[in-house]
Amino acid sequence: MATISLAVLASGRGSNLQSIIDACERGDVNAEVKVVISDSKDAYALERAKKHGIDAYFVNIKEYQDKKAYEEKIVDLLQNYSVQLVCLAGYMRLVGPTMLNAFPWQIMNIHPSLLPAFTGLHAQKQALDYGVKVSGCTVHFVDKGMDTGPIILQESVPVYDNDTEDSLAERILVKEHVLYPKAIGLFAENRLMVDGKKVVIE
Ligand code: GRF
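Residues numbered from 1 in each chain as written. Predicted model: local features only at pLDDT ≥ 70, side-chain atom pairs only at ≥ 80, totals over all residues. Heavy atoms only, no water.

Q: Is there a simple way to explain the overall build of the protein in this structure?
A: A count of helical and extended segments in the protein gives 6 helices and 9 strands. In summary, the protein has a C-alpha radius of gyration of 16 Å against a globular reference of 17 Å for 202 residues, a match within 12%. Its C-alpha atoms give the protein principal-axis dimensions of about 50 × 40 × 35 Å. Classification of the 202 residues of the protein by burial places 48% in the buried group. If you take every contact in the protein between residues at least 6 apart in sequence, the share linking residues at least 24 apart comes to 64%. For the protein, the computed accessible surface area is about 10200 Å², with 50% contributed by carbon and sulfur atoms. Measuring between centres, the 21 positive side-chain charges of the protein sit 1 Å from its 26 negative side-chain charges. (Helix = DSSP H or I, 4+ residues; strand = E, 2+ residues; numbered from the N terminus. Rg over C-alpha atoms; globule rule 2.2 N^0.38 Å. Buried < 20%, exposed > 50% of the residue type's maximum accessible area, 1.4 Å probe, protein only. Contact = heavy atoms within 4.5 Å. Areas by Shrake-Rupley, 256 points an atom, 1.4 Å probe, with all protein chains shown as cover. Lys, Arg positive; Asp, Glu negative; His and termini not counted. Charge placed at Lys NZ, Arg CZ, Asp CG, Glu CD.)

Here it is in structure tokens:
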């Protein structure tokens, strides 16, 4: 099966980006990260990409008239690299119709909770404040909502009485770094079918 071309969009440190690059380089998934794009100039994700010889771009939303123009620029870049799957990894913006229409069910995100619980920011703190005994992470396809798209894979972790936001985040992150490459691998093998709200894994 042919290797699929990935893009990763990240706003921050990029540890998920790193796990994706590593899984591709090891040959665990039949994919290659062709381009990394950030909306933040100082994102460490951009450095990680460069260290692996991957083209990396900062796209400054302030240079564009509106979100549509900003996303048109991103779509242009993605199409220039013939990207087949876009992976959001700590990308801190809601994806708009311009990107969604250009990449139907070809955009994934990872979120540090067991969705549909605790969408949005500070998911780990939300979980602690709620008092759940189990949390985890979710890889899902992106739709127009915030962390609402069809769920591809989930992994759970225990929540302990003495957990802090950081200790829980760290426990979840270990699982994220395995789960995201696994979901990408399934996509690359063409095994993910979206059926309404459900993702069927063939
Ligand atoms: C991760 O916890 C991910 O689930 C969330 O943002 C964080 C990004 O971390 N969407 P990193 O930049 O991949 O290290």
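Back to the text.
Q: When you look at the packing of helix H1 (residues 15–26) against helix H2 (residues 44–51) in this model, what are you seeing that I'm missing?
A: To describe two helices that pack against each other, one gives the angle between their axes and the distance between the axes. Interhelical geometry of H1 versus H2 gives an angle of 20 degrees and a closest axis separation of 9 Å. In this view, H1 runs roughly parallel relative to H2, as classed from their interaxial angle. For the pair H1 and H2, the crossing hand works out as right-handed. Of the residues in H2, those touching H1 at Ser-15, Leu-17, Gln-18 and Ile-21 are Ala-45, Arg-48 and Ala-49. Considered class by class, the residues forming the contact of H1 with H2 number 4 nonpolar, 2 polar and 1 charged. (Axes fitted to C-alpha atoms, helices over the stretch in contact; angles between N-to-C directions. Parallel < 35°, antiparallel > 145°, perpendicular 65-115°, else oblique. Left-handed = near helix turned anticlockwise from the far one by under 90°. Nonpolar A, V, L, I, M, F, W, Y, C, P; charged D, E, K, R; others polar.)

Purely geometric numbers; function is a separate question.
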